[in-house]
Protein chains: 2
Amino acid sequence: MSFDRTKIRWNGWGWAAHKDDIGAHEAIWTWLASELVMPALLATPARPLEELTLHPSALSDEDRKGLRGIVGADSVRDDAYERAFHALGRSYYDLLRLRAGDLSTAPDAVVYPRATKEVLGVLAFAAERAIGVIPYGGGTSVVGGVTAARGKFTAAITLDMSAMDRLIDVDPVSGTATAEAGIYGPALEKALQAKGFTLGHHPQSFEFSTLGGWIGHSGVGQGSNRYGRAEDWLVGAKLATPRGLLSTGDFPASAAGPQLKDLVVGSEGIFGVITEATVRVHALPEASDYRGYLFRDFASGTAAVRKAMKDGIAATMLRLSDASETHFYRAYGQIGKRRTFAARLADLYLKIRKFDNKACVLIAGFEGNQSEAEAERKRFAAVARKHGALALGRNVGERWRQGRFHAPYLRDPLLDRGVGVDTLETAASWSKLDGLYAVTYGALEKAILETVPRDGARGIVMCHLSHSYLDGASLYFTTIFPRALDGDIAQWKTIKKAATDAIVANGGTLSHHHGVGEDHVPWIAQEKGELGVDILRAIKSALDPAGILNPGKLLPQ
Amino acid sequence: MSFDRTKIRWNGWGWAAHKDDIGAHEAIWTWLASELVMPALLATPARPLEELTLHPSALSDEDRKGLRGIVGADSVRDDAYERAFHALGRSYYDLLRLRAGDLSTAPDAVVYPRATKEVLGVLAFAAERAIGVIPYGGGTSVVGGVTAARGKFTAAITLDMSAMDRLIDVDPVSGTATAEAGIYGPALEKALQAKGFTLGHHPQSFEFSTLGGWIGHSGVGQGSNRYGRAEDWLVGAKLATPRGLLSTGDFPASAAGPQLKDLVVGSEGIFGVITEATVRVHALPEASDYRGYLFRDFASGTAAVRKAMKDGIAATMLRLSDASETHFYRAYGQIGKRRTFAARLADLYLKIRKFDNKACVLIAGFEGNQSEAEAERKRFAAVARKHGALALGRNVGERWRQGRFHAPYLRDPLLDRGVGVDTLETAASWSKLDGLYAVTYGALEKAILETVPRDGARGIVMCHLSHSYLDGASLYFTTIFPRALDGDIAQWKTIKKAATDAIVANGGTLSHHHGVGEDHVPWIAQEKGELGVDILRAIKSALDPAGILNPGKLLPQ
């Protein structure tokens with residue numbers, strides 16, 4: 001397999017060897033406690049794996065022998081680390097359970113196929129033996145997409161695709177590349193860049209997520225305005241199903257009926273296992289320019305992004321933080337630093353220009369050849385200026401770029417100190433966006449206030465608009481709040497329900513890029529309609545008649 | 001309904017009152033006969049409707065009463081004109097049959113619903129009474145998409161959507177519009193343009209095709225490089241099915257599972273009837289610039305279009321004719337005209353510059369605000385120059401624009417004179433395009449030579465590349481050939497089979513924008529795979545358990 005799973009944390013984010021770079025900064029914790037209006041933060045360490053007892057694997061010797069016959073003995077694992085690692089994804093809800101030592105969803109074995117025909121073999125075998133199968137890429141789902149739930153079966157195995165990690169082919173004329181689906185972000189980009197190309201798909205999970213995972217949950221990268229969503233860059237896929245292999249073709253466009261690749265995108269492993277994908281790639285951009293702008297408020301920033309989309313300005317990224325997020329990152333960045341004269345001068349300038357605590361930072365990225373990137377950047381700068389923004393220069397942009405995959409690493413040290421942090425996201429058309437923002441923000445604040453462990457404590461709710469379209473944009477909310485230690489799962493459920501109810505009632509989609517998983521299933525019929533759910537069920541029955549694939553995800557049981 | 005069907009030809013193209021503007025130009029016919037190496041053209045008029053006898057309507061009095069109860073007595077028609085008009089679409093194959101008086105596929109009645117609930121009522125009634133239902137927009141299908149086939153039923157009705165033709169709403173902030181699906185192209189654009197917007201979807205059938213039809217067959221307009229395919233501009237749709245109404249939502253993007261709107265696009269009426277759609281619209285472009293370029297050959301023109309796509313040049317249209325099409329339109333345009341001194345000078349210049357009979361014309365269109373259109377045009381001009389092209393100026397572009405919907409009108413006068421004309425199209429990735437072009441071209445030439453009515457006669461095969469993508473482009477072939485009058489349907493079938501076999505064997509899709517209909521069904525399993533066909537069948541069963549919708553289209557029986 002691409003790399004040893006024990007090098008990644010089984011109950012947290014990222015490399016096991018990653019050094020916690022904020023734990024020792026006491027000033028941060030003092031500041032955070034005061035922001036949350038808590039007298040002090042707590043020590044809430046995770047339980048170590050050694051302390052925990054896993055339920056015995058429910059696979060029979062015959063099951064195990066059968067699987068080994070298909071993929072080889074080395075590729076069927078059931079040691080404690082493998083099972084614990086694959087028990088859940090990496091959502092806040094997952095971490096609460098993993099840290100508490102709840103491994104009830106540990107799979108009965110983890111299987112690492114090396115070829116499409118091995119995947120087909122495992123699926124046929126599992127269907128015959130009534131074993132649940134959980135397709136697994138990097139396992140970074142934050143919506144319960146890889147929970148090794150058994151469903152109606154007595155055993156479940158996780159099919160970890162990370163050993164299928166080859167770049168198969170690059171077609172430089174067409175500008176397409178074909179790779180095995182288990183390839184991780186960095187490996188894929190490295191292989192493509194060696195040939196002068198990039199897919200340009202950089203989600204926050206980039207280091208630990210896979211090509212197949214990106215397609216399976218309909219993901220976006222941070223540069224989606226230029227490089228598109230998975231549905232945009234996917235040309236075709238191979239989907240291994242219990243009924244055989246589906247190949248969706250590799251046409252640039254087609255009117256030969258509904259396009260089957262659109263059913264692979266977002267299928268979250270319930271129809272089959274993505275084993276290969278052909279994707280559109282771009283020549284490596286010769287220029288890349290990320291800069292900051294400061295808007296007077298969220299509304300004027302939103303209006304500027306909308307105008308840029310209407311004018312067809314070719315940005316790579318336009319990421320607008322609301323006032324709360326702007327304030328949070330500014331304050332966080334200043335902790336323990338001496339206030340320089342220049343910084344104080346800048347503050348004074350902002351005051352004179354009447355930028356107050358409603359001010360919002362936007363990071364705008366442009367890539368392409370030198371003249372194109374420069375021209376588009378200037379077009380956006382003019383739009384920003386017309387909407388009252390101040391140009392903050394490249395430093396802000398470059399700082400954002402350097403830290404672009406860092407945020408998830410902050411969660412574990414927060415969880416260690418009694419602080420919860422969760423994210424959720426949605427998208428809506430421009431005319432609904434302001435209302436959706438206000439109502440969801442309010443619902444999150446209220447639910448946190450109702451569930452904080454002590455009177456007077458509060459949470460932090462912040463948001464950014466980070467992916468924009470001709471007709472609308474996404475909103476991404478982050479919440480930081482004191483954990484209700486006697487019931488932090490109930491607390492999470494209360495907050496999640498309040499926010500999701502607000503989203504679906506106000507014109508937002510259940511998810512813009514995280515997916516449905518287990519967590520959004522209670523609302524899926526509201527979004528798709530009963531008839532829509534029936535369609536998805538019908539497709540599943542056609543491909544997976546025994547229902548072994550990813551039990552409990554995407555569709556109501 | 002939006003307009004009286006008797007104003008449109010039942011067995012040909014366009015307005016009944018349209019004056020045939022080439023019939024009287026004897027020079028054209030003399031020239032065409034010589035091009036086809038025929039001693040003379042023939043007189044092969046169509047049979048008038050008055051001469052023909054229609055099979056009696058198979059609907060019972062009870063059926064008719066039931067339908068009238070749902071939509072009103074005025075909205076159930078079964079006079080000869082209505083039935084003949086709706087018997088078939090407008091492909092060459094359809095015209096051969098209509099002109100010969102074959103009305104065996106005339107529907108047993110034509111129903112004009114005025115609201116979604118009427119459509120739902122008709123579908124429920126038809127399912128209960130086992131009556132086939134053919135959803136019908138403008139009826140301009142060229143792949144047998146609206147043939148009123150009865151399938152396994154004893155009766156079939158056509159559901160003509162043209163009475164549902166309202167623009168329901170425009171959301172200027174989001175840049176979206178919602179309209180009833182039966183609205184015709186010109187009415188939709190007129191209503192949108194009155195509010196400062198355009199959908200920008202202009203297929204050649206624009207005057208006689210509808211919003212629902214465009215979505216149902218996954219269409220493209222001539223300006224698709226800017227305005228996108230139906231799948232790109234469709235935000236959401238209402239699909240009336242025998243099992244109720246499916247609403248696909250109206251999000252700018254979503255990761256909440258596979259997107260159901262993608263199943264509506266290209267569904268060709270087999271899953272349900274599109275009754276409403278919300279679409280992305282654009283501000284009316286302030287500038288519009290169409291110009292011609294002359295490339296030395298098809299390969300250098302193709303390379304220039306590919307380069308433009310890779311560089312992200314925002315063209316509205318790049319339409320490259322091959323040498324044959326370039327020659328044909330040039331010769332056609334010069335018939336009966338005096339050769340001016342300027343024209344002869346231009347010919348001399350081309351000769352000096354070594355442009356020979358391999359030269360290919362490209363029309364490049366740019367729209368948007370003045371500076372944007374100008375900037376993109378210049379970027380393309382530079383690419384064209386680098387690929388050896390000569391700029392031909394705006395006249396060529398404007399002439400193309402003026403005639404953009406005219407070509408289908410030429411078919412009837414040709415058919416009147418023993419000349420067949422058909423079109424077919426495909427798309428493939430850039431690296432397959434040259435091979436696909438050569439093999440398909442060769443297959444068409446060969447099949448025509450094998451089926452011409454006399455030794456020595458020949459056909460004309462021409463092609464253009466008209467819609468381009470990052471990873472590939474479409475090819476659109478036109479054939480003109482002497483009809484084998486004793487077997488012109490067999491002739492068409494031979495030519496069609498030869499070309500389609502060549503396309504699917506060489507990496508092309510069955511259709512880039514015409515759809516599948518009845519004509520491409522024999523190849524659909526080759527493109528989608530058996531499992532892919534099963535998926536589409538499963539969706540159909542979920543929405544249309546009785547199988548009443550559009551029998552014989554898209555899926556093998």
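A quick note: this is a predicted structure, and the numbers were derived from the prediction, not measured.

**Quick notes on the pattern of salt bridges**
Residues and elements named next belong to chain B.
Then step 1. Summed over the entire model, instances satisfying the criterion amount to 66 salt bridges over all chains.
Then step 2. Residue Glu231 is joined to Arg229 by a salt bridge in which the shortest nitrogen-to-oxygen separation is 3.1 Å.
Then step 3. Looking at Arg229, the relative accessible area reads 2%, which means it is buried.

**Points about the relation of the copies chain A and chain B**
The second copy of the chain is related to the first by a rotation about an axis and a shift along the axis.
Then step 1. When chain A is fitted to chain B, the residual RMSD is 0.0 Å, and the transformation amounts to a turn of 180° plus an axial shift of 0.0 Å. Between the two chains, the operation in question is that of a two-fold axis. For chain A, the smallest separation between a C-alpha atom and the rotation axis is recorded for Ala538 of chain A, amounting to 2.8 Å.
Then step 2. Looking at chain A, 100% of its interface residues are interface residues in chain B too, so the copies touch through the same face.

**Details of unusual backbone geometry**
Residues and elements named next belong to chain A.
Then step 1. Even without being glycine, Ser218 reaches a positive phi, approximately 60°.
Then step 2. Summarising the element assignment, Ser218 is placed in the loop between helix 7 (211–216) and helix 8 (224–227).
Then step 3. The exposure class assigned to Ser218 is buried, which follows from its relative accessible area of 2%.
Then step 4. Although it is not a glycine, Leu554 adopts a positive phi angle of roughly 70°.
Then step 5. Look at Leu554 and you get buried, because its relative accessible area is 0%.

**A closer look at the sheet that holds strand 8 (residues 234–241) of chain B**
Residues and elements named next belong to chain B.
Then step 1. Judged by pairing direction, the sheet is antiparallel, and its 5 strands sit side by side in the order 5-6-10-8-9 without closing on themselves. The open sheet is flanked by strand 5 (167–171) and strand 9 (244–247), the only strands paired with a single partner. Looking at each pair of strands side by side, their axes are set apart by 10° on average, direction ignored.
Then step 2. When strand 6 (residues 176–180) meets strand 10 (residues 273–280), the two strands line up antiparallel, connected through 5 bridges. Looking at the pairing, Ala179 lines up with Ala277 of strand 10.

**Comments concerning the packing of helix 2 (residues 61–71) of chain B against helix 5 (residues 116–129) of chain B**
All names here are of chain B.
Then step 1. Relative orientation of the contacting elements helix 2 and helix 5 amounts to 160°, with a least axis distance of 9 Å. One element, helix 2, and the other, helix 5, form an angle in the roughly antiparallel class. Between helix 2 and helix 5 lies a crossing of right-handed hand. Touching Glu62, Asp63, Gly66, Leu67, Ile70 and Val71 of helix 2 are Glu118, Gly121, Val122, Phe125 and Arg129, all from helix 5.

**What about the side chain of Thr210 of chain B?**
Residue and element names in this part refer to chain B.
Then step 1. Its location among the elements puts Thr210 in the loop between strand 7 (197–198) and helix 7 (211–216).
Then step 2. A residue is classified by how much of its surface remains accessible, and Thr210, at 2% relative accessible area, is buried.
Then step 3. Those residues in contact with Thr210 that lie beyond four places of it in its chain are Gly137, Gly138, Ala181, Gly182, Ile183 and Tyr184.

**Brief notes about the packing of aromatic side chains**
Then step 1. According to the stated counting rule, one finds 38 aromatic pairs over all chains in the structure shown.
Then step 2. When the ring of Tyr437 of chain B is compared with that of Phe477 of chain B, the centres are 6.1 Å apart and the planes differ by 15°; the resulting orientation is stacked. On the criterion of sequence distance, the pair formed by Tyr437 of chain B in helix 17 (residues 430–451) and Phe477 of chain B in strand 18 (residues 472–482) is long-range, its members being 40 residues apart. Taken individually, Tyr437 of chain B and Phe477 of chain B each receive the classification buried, so the pair is uniform in this respect.
Then step 3. An aromatic cluster is built from Trp31, Phe328, Tyr329 and Tyr332 of chain A, whose rings are joined through pairwise contacts.
Then step 4. The cationic tip of Arg296 of chain B hangs over the ring face of Phe355 of chain B; the distance from NZ or CZ to the ring centre is 4.3 Å.

**Re the pairing of strand 9 (residues 244–247) of chain A**
The side chains of a regular strand alternate between both faces of the sheet.
All names here are of chain A.
Then step 1. Of the strand pairs in this sheet, strand 8 (residues 234–241) and strand 9 are connected by 4 bridges, and their pairing is antiparallel. Bridge pairing links Leu239 to Leu246 in strand 9.
Then step 2. The turn joining strand 8 and strand 9, which pair antiparallel and follow one another in sequence, is formed by 2 residues.

**So, helix 12 (residues 323–334) of chain A**
Residue and element names in this part refer to chain A.
Then step 1. With 12 residues, helix 12 extends 16 Å from end C-alpha to end C-alpha; this agrees with the ideal 16 Å at 1.5 Å per step.
Then step 2. Of the residues making up helix 12, those classed as buried are Ala323, Ser324, Glu325, Thr326, Phe328 and Ala331.
Then step 3. Elements that come into contact with the buried residues of helix 12 comprise helix 1 (26–35), strand 13 (317–321), strand 14 (360–368), helix 17 (430–451), strand 17 (460–465) and strand 18 (472–482).
Then step 4. The N-terminus of helix 12 is capped by Asp322, whose side-chain oxygen sits 3.2 Å from the backbone nitrogen of Ser324.
Then step 5. Directly after helix 12, the chain includes Gly336, whose backbone phi takes a positive value near 75°.

**So, the interface of chain A and chain B**
Then step 1. Listed per partner, the contact involves 75 residues of chain A and 75 residues of chain B.
Then step 2. The tally of links from chain A across to chain B stands at 6 salt bridges.
Then step 3. A salt bridge links Arg243 of chain B to Asp534 of chain A; its shortest N-O distance comes to 2.8 Å.
Then step 4. On the surface where chain A and chain B come into contact, there are 28 residue pairs in polar contact (both at pLDDT 80 or more).
Then step 5. Counting residues per element, the side of chain A that touches chain B draws most heavily on helix 19 (residues 521–543) of chain A, which supplies 12 residues.
Then step 6. Looking at the side of chain A that touches chain B, its residues break down into 31 nonpolar, 26 polar and 18 charged.

**Structural notes on the confidence of the model for chain A**
Low pLDDT means the predicted atomic positions in that stretch should not be read closely.
Then step 1. When pLDDT is averaged across chain A, the result is 96; 99% of the residues are at 70 or more.
Then step 2. Predicted complex metrics record ipTM = 0.96 and pTM = 0.97.

**Some points on a nonpolar patch on the surface**
Residues and elements named next belong to chain A.
Then step 1. There is a patch of nonpolar side chains on the surface, built from Phe341, Leu345, Leu348 and Ile352 and spanning about 450 Å² of accessible area.
Then step 2. If you trace the backbone, Leu345 turns up in helix 13 (residues 341–352).
Then step 3. Classification of Leu345 by relative accessible area gives partly exposed; the value is 47%.

**Focus: the environment of Ala375 of chain A**
Then step 1. Of note, Ala375 of chain A is situated in helix 14 (residues 370–386).
Then step 2. Once the C-alpha coordinates of Ala375 of chain A and Thr423 of chain A are considered, the two residues, 48 residues apart in sequence, prove to be 35 Å apart.

**Observations concerning the packing of helix 19 of chain A against helix 19 (residues 521–543) of chain B**
Then step 1. At their nearest, the axes of helix 19 of chain A and helix 19 of chain B sit 8 Å apart, and the two run at 145° to each other. Helix 19 of chain A and helix 19 of chain B meet at a crossing whose hand is right-handed. In contact with Leu531, Asp534, Ile535, Ala538, Ile539, Ala542 and Leu543 of chain A of helix 19 of chain A, helix 19 of chain B contributes Leu531, Asp534, Ile535, Ala538, Ile539, Ala542 and Leu543 of chain B.
Then step 2. Of the residues that constitute the contact of helix 19 of chain A with helix 19 of chain B, the class distribution is 12 nonpolar, no polar and 2 charged.

**What to know about the sheet that holds strand 3 (residues 132–136) of chain A**
Residue and element names in this part refer to chain A.
Then step 1. Overall, mixed pairing links the 4 strands, which are arranged 1-2-4-3 in an open sheet. The open sheet has two free edges, formed respectively by strand 1 (76–77) and strand 3, since each of these has just one partner strand.
Then step 2. Of the strand pairs in this sheet, strand 2 (residues 109–111) and strand 4 (residues 156–160) are connected by 3 bridges, and their pairing is parallel. Along strand 4, the bridge assignment pairs Val111 with Leu159.

**Some words on helix 5 of chain B**
All names here are of chain B.
Then step 1. If you check helix 5, its first and last C-alpha atoms are 20 Å apart, about what 14 residues at 1.5 Å a residue would give, namely 20 Å.
Then step 2. If you check which residues of helix 5 are buried, you get Thr116, Glu118, Val119, Val122, Leu123, Phe125 and Ala126.
Then step 3. Residue Ala130 follows helix 5 closely and has a positive phi angle near 55°.

**A closer look at the environment of Gln557 of chain A**
Residue and element names in this part refer to chain A.
Then step 1. Checked against the element boundaries, Gln557 lands in the segment after helix 19.
Then step 2. Residue classification places Gln557 among the exposed positions, given a relative accessible area of 74%.
Then step 3. Sequence separation between Gln557 and Val521 is 36 residues; the distance between their C-alpha atoms is 9.1 Å.
Then step 4. With residues up to four places along the chain from it excluded, the contact list for Gln557 reads Arg537, Pro551 and Gly552.

**Considering the environment of Thr423 of chain A**
Residue and element names in this part refer to chain A.
Then step 1. One can find Thr423 in strand 16 (residues 419–429).
Then step 2. For the pair Thr423 and Val142, spaced 281 residues apart in sequence, the C-alpha to C-alpha distance is 8.6 Å.
Then step 3. For Thr423, the residues in contact, after removing those within four places along its chain, are Tyr476, Phe477, Thr478 and His514.
Then step 4. At 3.2 Å, the side chain of Thr423 forms a polar contact with the side chain of Tyr476.

**Focus: the state of the cysteines**
Residue and element names in this part refer to chain A.
Then step 1. For the coordinates displayed, the defined rule picks out 0 disulfides over all chains.
Then step 2. Between Cys360, a cysteine without a disulfide, and Cys463, which holds the nearest cysteine sulfur, the sulfur-to-sulfur distance is 9.8 Å.
Then step 3. The class for Cys360 is buried, based on a relative accessible area of 0%.
Then step 4. Given a relative accessible area of 0%, Cys463 falls into the buried group.

So, how was this worked out
Residues numbered from 1 in each chain as written. Chains lettered and ligands numbered in written order. Predicted model: local features only at pLDDT ≥ 70, side-chain atom pairs only at ≥ 80, totals over all residues. Heavy atoms only, no water. Salt bridge = Lys/Arg side-chain N within 4 Å of Asp/Glu carboxyl O. Buried < 20%, exposed > 50% of the residue type's maximum accessible area, 1.4 Å probe, protein only. Least-squares fit on C-alpha atoms with pLDDT ≥ 70 in both. Contact = heavy atoms within 4.5 Å. Helix = DSSP H or I, 4+ residues; strand = E, 2+ residues; numbered from the N terminus. Pairing = 2+ DSSP bridges. Axes fitted to C-alpha atoms, helices over the stretch in contact; angles between N-to-C directions. Parallel < 35°, antiparallel > 145°, perpendicular 65-115°, else oblique. Left-handed = near helix turned anticlockwise from the far one by under 90°. Phe/Tyr/Trp six-rings, centres within 6.5 Å; stacked < 30°, edge-to-face > 60°. Lys NZ or Arg CZ within 6 Å of the ring centre and 35° of its normal. Expected span 1.5 Å × (residues − 1). Polar contact = N/O pair within 3.5 Å; in protein donor to acceptor, adjacent residues only side chain to side chain. Nonpolar A, V, L, I, M, F, W, Y, C, P; charged D, E, K, R; others polar. pLDDT = per-residue confidence, 0-100. Patch = residues over 30% accessible without salt bridge, like charges linked within 9 Å, V, L, I, M, F, W, Y side chains within 5 Å. Areas by Shrake-Rupley, 256 points an atom, 1.4 Å probe, with all protein chains shown as cover. Disulfide = S-S within 2.5 Å.

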